[in-house]
There are 2 protein chains.
Amino acid sequence: MDTATNPDVPNVRLRQAHALHVHFSDTDAIPFPTRTVGRGDALFSTGEPMRSLYTVQSGCFKSITTYPGSDDDSPPHLQVTSFHLPDETLGLDSVCTGHHESDAVALEASVVRIMPVGILEPLCREYAAMQHELLAIMSAEIVRASRLALMLGTMPARERVAAFLLDLSERVDTHETPSEELVLPMTRADIGSYLGLELETVGRMLSKLHREGTIELNGRQVRIVDRAKLALH
Amino acid sequence: MDTATNPDVPNVRLRQAHALHVHFSDTDAIPFPTRTVGRGDALFSTGEPMRSLYTVQSGCFKSITTYPGSDDDSPPHLQVTSFHLPDETLGLDSVCTGHHESDAVALEASVVRIMPVGILEPLCREYAAMQHELLAIMSAEIVRASRLALMLGTMPARERVAAFLLDLSERVDTHETPSEELVLPMTRADIGSYLGLELETVGRMLSKLHREGTIELNGRQVRIVDRAKLALH
DNA sequence: CGGGGGGTTGAGATGTCTCAAGGGGTGTGG
DNA sequence: CCACACCCCTTGAGACATCTCAACCCCCCG
């Protein structure tokens, strides 16, 4: 069942073992409809019945999970659980209950491809490769979420921010080589929520990395100067 | 695609929306082989090729994820990413790469049912309900991992321990009603690793809950006295 | 020109970690 | 049967990282 070698399943494209993002290569040919979402608008919201899976074509999204406050009047916990760049799939957390378990909000004007489940599941039953792809995507998502949990559980703030930058830079690469130049589409608060830090802490760590010469920093513009040092702590 | 109402998919059994654990009800009838694992032994280890999925029949496992240390000589990060009680499924993180991404270690003498993927995938293609179950289980796992990440990112130590106890008590219930009495099969260090805390902190929080009368505590024996108060912080 | 969102930086409060000591089981070998 | 070692757990005290609160800046937009 090795996706790299199994001749029965040639179409799973793992972007990078590291980044753990995949997309449906088979579906590229199928003329699924698209939808445009404005900055700050929700593609879907928690509790809505799931109708489709979505693949980002352009733009960027954040997924927000709500956890009911311990008591009724206390504010519920909120957290950004993932960011979704082009070619990545949204909505996988909803398969188990049939309802979305998170909000998907566009960080900028974005376009998604809509893959209705009514079409997807029969397709999967018919084509082994397709079924395997869907399973692989979901499995990758499990690993991704576990990695995040691990990071939140074990790494200090500085390493979290560094790892975040590295992960992002590897995911935005359109060519084979990761790009050193990136523009963060999200706020410090979004990053902090994702990393389990306060926005001030995120800012401080970015500033520190800047002062040390590991990155260049200008608002949301980041340039990775010393990738090795970034990975090395 | 609502698992509760869709007549095409009657067999998904969600134990509780909260616990987010499911099992293959269809496969109960199939005489899959079993395997016995001794306390402390690994059911599988990171990097091994995946051959099967496993369902716990009796006993308990922990999944350990390894994250390579930032530099080569520093010790790698380790974290317990989940515990697996009877009826729960192990090995789902390996579908994407075809290799196990974690170690599964028995916390006590345990028995698992072995479901070879070579049998499982064709089965899924043939039976819509089966396919849907597998997808639902994996999706549930995504939500579970995201919840864990959320908890690690936002909750203070005390709430983490409380949530852990509640989650466990809901998962061990063999009857309809959650049991107030539970025996923790794992060490404080295991719990701490899972919750992103040090073992001393876990112990202190348990002691504090005990002093407040929220739980009774005697080593690994826990009795939930005031479930409401436990949930309420 | 005023307002609001996003970002930076500082200083004190606080929660968790670290280090350390000691107690209770259990298994093993003398 | 005892002695010892080892593992697990508990508790304390100080160190440290991050959070909290606050002030200020910039920029964009109405």
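Reading the values: the criteria
Residues numbered from 1 in each chain as written. Chains lettered and ligands numbered in written order. Predicted model: local features only at pLDDT ≥ 70, side-chain atom pairs only at ≥ 80, totals over all residues. Heavy atoms only, no water. Least-squares fit on C-alpha atoms with pLDDT ≥ 70 in both. Contact = heavy atoms within 4.5 Å. Near = heavy atom within 4 Å. Polar contact = N/O pair within 3.5 Å; in protein donor to acceptor, adjacent residues only side chain to side chain. Helix = DSSP H or I, 4+ residues; strand = E, 2+ residues; numbered from the N terminus. Nonpolar A, V, L, I, M, F, W, Y, C, P; charged D, E, K, R; others polar. Domains from an automatic or database assignment. Buried area = accessible area lost by both parts, 1.4 Å probe. Salt bridge = Lys/Arg side-chain N within 4 Å of Asp/Glu carboxyl O. Buried < 20%, exposed > 50% of the residue type's maximum accessible area, 1.4 Å probe, protein only. Pairing = 2+ DSSP bridges.

Undergrad: Hey, could you run me through the relation of the copies chain B and chain A in this one?
TA: In summary, the two copies of the chain are related to each other by a rotation about an axis coupled with a shift along it. Between chain B and chain A, the superposition needs a rotation of 180° and an axial shift of 0.0 Å, giving an RMSD of 0.1 Å. On the angle and the small slide along the axis, the relation comes out as a two-fold axis. Most of the interface of chain B is mirrored in chain A, where 100% of its interface residues again form contacts.

Undergrad: Is there a simple way to think about the protein's contact with DNA strand C in this case?
TA: Close to DNA strand C lie 17 residues, the nearest being Arg188, Arg204 and Ser207 of chain A together with Ala157 and Thr201 of chain B. Within 4 Å of the protein, the contacting atoms of DNA strand C are 61% sugar and phosphate, with bases supplying the remainder. Side-chain polar atom of Arg188 of chain A to a phosphate oxygen of DNA strand C: 2.8 Å apart, as the coordinates give it. Here a base nitrogen of DNA strand C sits 2.8 Å away from a polar atom, N or O, in the side chain of Arg204 of chain A. With five residues, helix H5 (residues 199–211) of chain A is the single largest residue contributor to the surface near DNA strand C. Among the residues making up the surface near DNA strand C, the classes are represented as five nonpolar, five polar and seven charged.

Undergrad: Hey, could you run me through the domain arrangement of chain A in this one?
TA: It is common to give the size of an interface as the accessible area lost on bringing the parts into contact. Residues and elements named next belong to chain A. Each assigned domain of chain A is listed with its residue range as follows: domain 1 (12–145) and domain 2 (155–231). Residue-level contacts link 19 residues of domain 1 with 14 residues of domain 2. Here domain 1 packs against domain 2, burying approximately 1400 Å² in sum over the two surfaces, 50% of which is carbon and sulfur. At the junction of domain 1 and domain 2, the tally comes to two salt bridges. Arg171 is the salt-bridge partner of Glu88, the closest N and O atoms lying 3.0 Å from each other. Taken together, domain 1 and domain 2 are joined by five residue pairs in polar contact (both at pLDDT 80 or more).

Undergrad: Is there a simple way to explain the pairing of strand S10 (residues 110–116) of chain A in this structure?
TA: As a general feature of sheets, a regular strand has side chains that alternate between the two faces. Residue and element names in this part refer to chain A. Across the seven residues of S10, five count as buried, placing the element largely inside the fold. Bridging between strand S3 (residues 34–37) and S10 involves four bridges; their strand directions are antiparallel. Residue pairing in the sheet places Thr36 in a bridge with Val111 of S10. Of the pairings in the sheet, the one linking strand S5 (residues 52–58) to S10 comprises six bridges and is antiparallel in character. When the sheet's bridge partners are listed, Ser52 is paired in S10 with Pro116.

Undergrad: For this particular structure, what's the right way to read the pairing of strand S12 (residues 215–218) of chain A?
TA: Residue and element names in this part refer to chain A. Residues Ile215 and Leu217 of S12 are buried on one face, while the alternating residues Glu216 and Asn218, pointing to the opposite face, are not. Sheet topology places S12 next to strand S13 (residues 221–224); four bridges connect them, and they run antiparallel. Paired with Asn218 across the bridge in S13 is Gln221. Hairpin remark: S12 followed by S13, antiparallel, with two residues in the connecting loop; positive phi at Gly219, about 65°.

Undergrad: Help me understand the interface of chain B and chain A, please; the structure alone is not making it clear to me.
TA: Contacts between the two partners involve 54 residues from chain B, matched on the other side by 54 residues from chain A. Applying the counting rule to chain B against chain A returns zero salt bridges. Across the chain B-chain A interface, the total number found is 15 residue pairs in polar contact (both at pLDDT 80 or more). Of all the secondary-structure elements, those providing two or more residues to the side of chain B that touches chain A are strand S6 (61–67), strand S7 (77–84), helix H1 (117–126) and helix H2 (128–154) of chain B. The element that contributes the greatest number of residues to the side of chain B that touches chain A is H2 of chain B, accounting for 21 residues. Within the side of chain B that touches chain A, the residues separate by chemical class into 26 nonpolar, 19 polar and nine charged.

Undergrad: I tried to follow the environment of Ser82 of chain A on my own but got confused; where do I start?
TA: Here Ser82 of chain A lies in strand S7 (residues 77–84). For Ser82 of chain A, a relative accessible area of 5% gives the class buried.

Undergrad: Even after reading the chapter, I still don't get the protein's contact with DNA strand D, so can you show me in this structure?
TA: Taken together, 17 residues are adjacent to DNA strand D, and Ala157 and Thr201 of chain A together with Arg188, Arg204 and Ser207 of chain B come closest. By atom count, sugar and phosphate contribute 62% of the portion of DNA strand D lying within 4 Å of the protein. Measuring from a phosphate oxygen of DNA strand D, one finds a backbone N or O atom of Ala157 of chain A at 2.6 Å. Here Glu198 of chain A contributes a backbone N or O atom positioned 3.3 Å from a phosphate oxygen of DNA strand D. If you list the elements that add at least two residues to the surface near DNA strand D, you get H5 of chain A together with helix H5 (199–211) of chain B. The leading source of residues in the surface near DNA strand D is H5 of chain B, at five residues. Split by residue class, the surface near DNA strand D holds five nonpolar, five polar and seven charged.

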